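Topology and contacts: notes
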Amino acid sequence: MLETMTLETLKSDHDRCAELVHKRIIVCAGTGCTANGSMAVHDEFVRQLEAHGQKALVVLDKPEPGYQVSGSGCQGFCQMGPLVSILPEGLMYCKVRQQDVAEIVRESVLGENCVERLAYKCPDSGCTCKHMDDIPFYHRQSRFVLRMCGFLDPEDLAEYIAQGGYFAARKAATESTPEQICATVLESGLRGRGGGGFPAGRKWEMARIQDSPKKYIVCNGDEGDPGAFMDRSVMEGNPHSVLEGMILAALGIGADEGYIYVRAEYPLAVARMKRAVRDATEAGILGESLFGTGRRMTMTVIEGAGAFVCGEETALLSSIEGNRGMPTPKPPFPAQKGLFDCPTIINNVETLATVPLIFRLGAEGFRAIGIPSSPGTKTFALTGHVANTGLIEVPMGTTLRHIIEDIAGGVTDDHGALCGTDFKAVQIGGPSGGCLVQEHLELPLDFDSLKKAGAMVGSGGLVVMNRSTCMVEIARFFMQFTQNESCGKCVPCREGTRQMLALLNDIVEGRATLETLSLLEEVAEMVQIGSLCALGKTAPNPVLSTLRYFREEYLAHVVDKRCPAGKCAALRTFSIDEEKCIGCGLCRRKCPVGAIEGSPKKPHRIDGEKCIRCGACLDSCKFAAISA
Amino acid sequence: MENLRNFEQVCAILKEHDHNPNRLIAILQAVQEVYRYLPEEAMTFIATSLGIPPAKVFGVASFYAHFTLEPKGRYVLKICDGTACHVKKSTEIEEALRKHLGLSSQNPTTPDMLFTLETVSCLGTCGLAPALVINDEVHGLLSPQSALALVQEIQDREAAVHA
Amino acid sequence: MKRQTLKIDNTPVSFGEERNLLEVIRKAHIELPTFCYHSEMSIYGACRLCMVEVEGMGMVPACSTLPAEGMVVRTTSEQIRKLRKMVIELLLASHVGDCPSCSKGPSCQLQKLGQRLGVDKVRFPQSRTPVRIDLSSPSLLRDPNKCVLCGDCVRMCNEIQTVGAIDFAYRGSKSTVMPCFGKDLGEVECVNCGQCARVCPTGALVPRPNIDEVWKALHDSSRTVVAQVAPAVRVALGEAFGLEPGTITTGRIVAALRRMGFDRVYDTSFTADLTILEEAEEFLARKKEGQNLPQFTSCCPAWVKFTEQYYPEYLGHLSTCSSPQQMMGALCKASLKKLQNIPAEKIVMVSIMPCTAKKYEARRPEHSRGDEPDVDLVLTTQELILMIKESGLVFNQLEQESFDMPFGFTTGGGVIFGNSGGVTEAVLRYAAEKITGRKDSNYIFKAARGQEGLREFSLTVEETQLSVAVASGLGNAREVIRRIQSGEKHYDLVEVMACPGGCMNGGGQPISSDADYKAKRTCGLYDNDKMLQLHKPQENPYIAEAYEKFLQKPGSHLAHELLHTTYSPKRRTSGFAPEPEQEEGQLEISICFGTSCFLRGAQQLYSGINAFLAEQGAKAQVSINATFCYERCDRGPVVKIGEEVLEHCTLDQARAAILQHLAGRKAEVQI
């Protein structure tokens, strides 16, 4: 098919269409913005333009003048969504509602003005940021893998090609040997973004040298860490970059078939990846003749069925084969004996999406980004107690301080207000990661430095926590997660996490002794060394790292039966500040067990014996007189 | 409700997947779409036609969180309890909804088969924490009150239809 | 392959083709603890007890690590000790702790390892919520409260037996090994072979005990309790009393049984000889007629149920001979009145078997006359051991005694039944003489013997070419049938024993810790054959006498009635919800979707009928349902239209029947 329709003609056709576009309106169509109603905003733009007698171009398939209205993948700043950008000016509007569209069309699309009330306002400086690049959240990042997610129409293959997509893969398919492809990736120093940071080139090389007529490439899109959504955004925002990376990987190892395993909680990512495969196949990029070279290359999207452990590569392969997603011992490694017993490489979405960029920049160019031991950028899902949450991308080796203070805009209190000094910890890498504290603020975030600090990049979830967070409770939360997601195969993980959770419950519920603590540490160590797969081996990390940095908090729970953050309900003691209490009696009426006494207009008192620590009084007091 | 012993659609699904046992998960997903859960009869039939033991089909179906072995309500409410949502008090939303609907973890579906309440580990919409999904539609930045309002809206709508 | 060397605990050890480090370490006489490693099954890597330290690699599981030249391995260290103890401690915390009363007794691996590794305290609270014990199977007792989830039973059932009656369900700490949909073992396709119980390290799967019933019968003075002892029991029972596997303890078993109060002690090998006469005659007749070949042996009840469930079309190939156990039961109950004036209703027939499936076999309705089963109770070797211990008998000091006559005399042919290939060899000892018409001094057919799970050979006896397959392990049986079905192979005789290596390795045998126990038991039976005076079943004088006095001749009417049986297709799972109620006045059509019907085109038929109904506009008048198994699998596809059952149903037949029924209904309505 590509004999008649080459990438060049697709590109020039698209360019011809794009030249005639007066302005382009991009409405973020990521999961977050869609949930906030961005599709209605998108449709309203079309209606409004048509009402003004203008041509609204939803698909760029023939050259005609008009205004292009397109969706994009996740732009990362989900809390401000729905996000709308106007090109070429680069205006960005936040929290756009359907009823705002008429004004935007009038002022910024047909006119040249900015609707200031919809522009981002910097919470600390208070200044209005009209353009995307003015927003500190964006301009302090280095968006590399995510760059295209912001404005590419993820459902438009031609646009990806017009931006230079698939040229690297075609060049590799027609001009390079597998050895050369693997060498380029090895030289680039690319390390797997999915967890451990294993050099991608070494993995590929291991699969390449296997003598087998059939090999597979698998894209791991089973991003399950609670608090991480980088891969989802890439699949939703730039699915073709993932496919191109897979093609390059397949060429590098000599595979002709690929699977993209996407987590079932990501229906939009599933739909976009399926669409991308279909479009690329119809265009003759994939299919029986890869880029017209006559070699076969097929890709299939597989939808997961809800098991975190399938993020582990051998479990993922079991799942593709239609089995329970239980990991198998390594060796044999998937690169030797993987899917259907054939050599297989599994890379995660972000890793694969980085690959085409390496081929465009060259290994040298890629190494120039980040630091020598961890080249390139890393995306992080930034959440928790910070002003700006969302998806960010920074060069490897960026400091934690830069991320929290500059990009995230600082730590907030429980009500979302900025409070500069309240930083307590960052949980990095989800349930398999660890926490970082004050002393790590200058720590460069890269694979090796984090490992040294007892944490890991993991999938890249970054949860910032303020002083009101109880670290024991956080450790318990993660343990509950892994315990729930353990596949149940090996003893240390199945039984060990169950007992660790029980011990942590004892601690937060005031039943623990010092023996509980030492037993917890002993089990944690055994689960770490004894488990079969990465899920189990890393499951104790949150416990071990909080024990390392917040031991006194554990001791407070165990010895003093006190939760310093006041979060553990069973350990709270409620008291009424006589100075503040005006004796309104609301708390007395709310108390379900009659533990509060006091006469009207006189300070009340809580009977500690009767109190069941439900916290109803605390929530009811309008004068902040009750503390826990 | 589909007739449990009428396998016409199941046959079509199996055919679409070439009766390939490696496609078991996809087959179960499609069959669950039909019945909204996985009836024993359908799983036995799938086992027969794929030539694998029914215990294996059950093993797979009970392993993955997305499969349900009991009929679910027409509206499935999934409360995200990922880290971001947890830190932003998703448990309070869960408790409020449970109380409102009279449900518990052992008993996740309302007797009128209208609602099923579940928690999921992470929806990846952490920017919108805390989040709730109602039949694939994501609702973010919720409070217990706004979550209750969403459910009440459905209840009112359903009541209107029946009246 | 060149021998290579590595170092284990400072000692150089050479290795060759061992498939993993664990086997190298065990060869070096270090008993690395494991739950989930069995050399005959796939590597699972779940128990983590075999973790060792390898220089440069850290802690690795020995079961899934390849040995390499120059490797430096340590099998104990502070961490390894701590880990092993922790694993046991964690397992004990979720294991119901009724060890003193558990029938697994001292062969429990969990108990053994706990003691061996010095786990003196469980610091965790008991974390298991008790669940019901599954007593539905006549052969096996399943107690999930004792399961350590090592998966040995699951892999045995799936990989070796290809039955897959049990599998893991749910996940994480809710993981359970169970039959499909949480049904009971007695409701599913379990063939009762008991190999799961053989590999189970704990008491989660054990032979279903019948000890109490046997004691009760022994203590009832109004009954005559007759024992029969299967050949394989005699080479394994001694293991429980410290004897080497393969030690022949026949005389002491007989003595023990008498002390316990059995009134008669007979030898199942006697009816094994009898089986040979009947089965070999049947075989020669089929060979002559060229019908129903290959003939399948039928002494293994697990294999019989397997055939009934999976290959109903081959039921005609099974020898119609009952197994030696059932022949003994039928023979005793039918003849002891005449021979020894013991009326059948007073007899309690107790068989002592290496096998759990025999418990199921004894309960098959085909083996009862009226309400009276031919065999009343079946004990496994394990249970007999427990009874001997309970009696306080010092087994090794017992004076040897002989079986009672007339059913206590055997030739070697009846003894080797306990080995895979033994039935074949015994048949050949008979058939060869029968074909040549000459007595031959040779009685050994080496070709029938061997360790492999699937063996094929042919031999020529004068003009007659005989092609034979010997399979043990049901996966191998499946392969034999595949070869027959594909036309790849033609056989005259196929011997199948469900347990790998034959009955000597049955699910009811004592659990051995000797790595070579199978070879030793096998050898014990062949030695026993050598030691006996006679080797060919046809030379057994008591068999001749039994025919003379009672059975007339092989294949006679009475012999048929007592010694032969029938088979019928069996559904694999039962216990479904009742079929849906059809609406008033609807014609009910049910189409069987069991495997056999499915393979014979039930699905096409189903679609065809649906299309036909749509075409006729008759969908509303009909309720069409899939159903599971009318147990007429050999006559599928089976369709039930109204009350009419159509076998070998074609679409045309179904259409005609539907039209007829609908017309009939219309007529009824008009009247």
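Please read these numbers as outputs of a predicted model, since none were measured by experiment. Along each chain, the written sequence defines residue order, and numbers are assigned to residues from 1. Chains and ligands are labelled by the order in which they are written, letters from A for the one and numbers from 1 for the other. Reporting in this predicted model follows two pLDDT cut-offs: at least 70 for local features of residues, and 80 or more for side-chain atom pairs to be given and counted; totals over whole chains, interfaces and linings ignore these cut-offs and use all residues. To get the side-chain values, take all heavy atoms of the structure and skip hydrogens and water.

With respect to the packing of aromatic side chains
Think of it this way: a Phe, Tyr or Trp ring, Trp meaning its six-membered ring, pairs with another when their centres are within 6.5 Å, and the plane angle makes it stacked under 30 degrees, edge-to-face over 60, tilted otherwise. Per the counting criterion, the structure on display carries 32 aromatic pairs over all chains. For the ring pair A:Phe77 and A:Tyr120, a centre distance of 5.4 Å and an interplane angle of 55 degrees mean the geometry is tilted. Of the two residues, A:Phe77 is situated in the loop between β3 (66–72) and β4 (84–87) and A:Tyr120 in strand β6 (residues 120–121); the sequence distance between them amounts to 43 residues. Each member of the pair A:Phe77 and A:Tyr120 is classed as buried. The ring centre of B:Phe63 lies 5.8 Å from the NZ or CZ of C:Arg171, which sits over that ring. Runs of E in the DSSP output that reach at least two residues are strands. Runs of H or I that reach at least four are helices, and both are numbered from the N terminus. Any residue under 20% of the maximum accessible area for its type is buried, any over 50% is exposed, and the rest in between are partly exposed; the area is computed with a 1.4 Å probe on protein chains only. The criterion is that NZ of a Lys, or CZ of an Arg, lies within 6 Å of the ring centre and within 35 degrees of the ring normal, and then a charge sits over that ring.

Focus: the environment of B:Glu94
Residues and elements named next belong to chain B. Mapped onto the elements, Glu94 comes out in helix α6 (residues 90–101). Remark: the alpha-carbon pair of Glu94 and Leu77, spanning 17 residues in sequence, is separated by 9.8 Å. Beyond its immediate stretch of four places on either side in the chain, Glu94 contacts Ile79, Leu117 and Thr119. Whether two residues are in contact is decided by their heavy atoms: any pair within 4.5 Å suffices.

Details of the pattern of salt bridges
Any Lys or Arg side-chain nitrogen located within 4 Å of an Asp or Glu carboxyl oxygen qualifies as a salt bridge. Taken as a whole and judged by the stated rule, the model has 92 salt bridges over all chains. Among the ionic pairs, A:Glu257 bridges to A:Lys214, the shortest N-O distance being 2.7 Å. Within this pair, whereas A:Glu257 is found in strand β9 (residues 257–262), its partner A:Lys214 is found in the loop between α9 (200–208) and β8 (216–221), the two being separated by 43 residues in sequence. One salt bridge in this structure joins A:Arg401 and A:Glu405, with 3.1 Å as the shortest N-O distance. Linking A:Arg401 with A:Glu405, this pair stays in helix α15 (residues 400–407), spanning 4 residues, or about one helical turn. When salt bridges with common partners are traced through the structure, they connect C:Glu456, C:Glu479, C:Arg482, C:Arg483, C:Glu488 and C:Lys489 into a single cluster.

Focus on the sheet that holds strand β11 (residues 344–348) of chain A
Residue and element names in this part refer to chain A. Judged by pairing direction, the sheet is parallel, and its 4 strands sit side by side in the order β10-β9-β8-β11 without closing on themselves. In the strand order of this sheet, the two ends are held by β10 (298–303) and β11, each with one partner. On average, each strand axis in the sheet is tilted by 20 degrees relative to the strand beside it, whichever way the strands run. Think of it this way: DSSP has to see at least two bridges between two strands before they count as a pair. Across 6 bridges, β9 lies against β10 in parallel orientation. By the bridge assignment, Gly258 is partnered in β10 with Met299. Here an axis means a line fitted to C-alpha atoms, over the contact stretch when the element is a helix, while the angle between two N-to-C directions is reported on a 0 to 180 degree scale.

Focus on the domain arrangement of chain B
Domain delimitation in this document rests on an assignment produced automatically or drawn from a domain database. Annotation of chain B at the domain level lists domain 1 (8–63) and domain 2 (75–162). For domain 1 of chain B versus domain 2 of chain B, the distance between C-alpha centres works out to 29 Å.

Quick word on the confidence of the model for chain B
pLDDT expresses, on a scale from 0 to 100, how confident the predictor is about each individual residue. For chain B, per-residue confidence averages 88 on the pLDDT scale, and residues scoring 70 or more make up 96% of the total. Model confidence for chain B, summarised as mean pLDDT per element, is weakest for helix α5 (residues 83–87) of chain B at 77 and strongest for helix α4 (residues 54–63) of chain B at 97.

Notes on the side chain of C:Ser420
All names here are of chain C. Here Ser420 lies in the loop between α13 (412–415) and α14 (422–436). On the basis of relative accessible area, Ser420 is assigned to the buried category, the value being 4%. When near neighbours in sequence (up to four residues on either side) are disregarded, Ser420 contacts Ala448, Arg455, Val470, Ser472, Glu495, Met497, Gly501, Gly502 and Tyr526.

Quick word on the interface of chain B and chain C
In this assembly, 25 residues from chain B lie in contact with 37 residues from chain C. Once two parts are brought into contact, the accessible area they lose, counted with a 1.4 Å probe and summed over both, makes up the buried area. Overall, the association of chain B and chain C removes approximately 2400 Å² of surface from exposure, summing both partners, and the carbon and sulfur fraction of that is 61%. Counting across the interface, chain B meets chain C through 1 salt bridge. The partner of C:Lys183 in a salt bridge is B:Glu40, and the shortest N-O contact between them spans 3.0 Å. Side-chain atoms alone can form a polar contact between residues adjacent in sequence; in general such a contact is a pair of N or O atoms within 3.5 Å, and within protein one must be able to donate a hydrogen while the other accepts it. Joining chain B to chain C, the criterion identifies 6 residue pairs in polar contact (both at pLDDT 80 or more).

Points about the interface of chain B and chain A
Interfaces are often described in size by the accessible area the parts lose on coming together. Between chain B and chain A, the contact holds 32 residues from the first and 48 residues from the second. The contact between chain B and chain A buries some 3100 Å² in all, and 59% of this surface belongs to carbon and sulfur atoms. Scanning the region where chain B abuts chain A turns up 0 salt bridges. The tally of links between chain B and chain A comes to 14 residue pairs in polar contact (both at pLDDT 80 or more). For the side of chain B that touches chain A, the element with the most residues is α4(B), which contributes 5 residues. Class assignment of the residues belonging to the side of chain B that touches chain A gives a composition of 15 nonpolar, 12 polar and 5 charged. Basically, the charged four are Asp, Glu, Lys and Arg, the nonpolar ten are Ala, Val, Leu, Ile, Met, Phe, Trp, Tyr, Cys and Pro, and anything else, Gly included, counts as polar.

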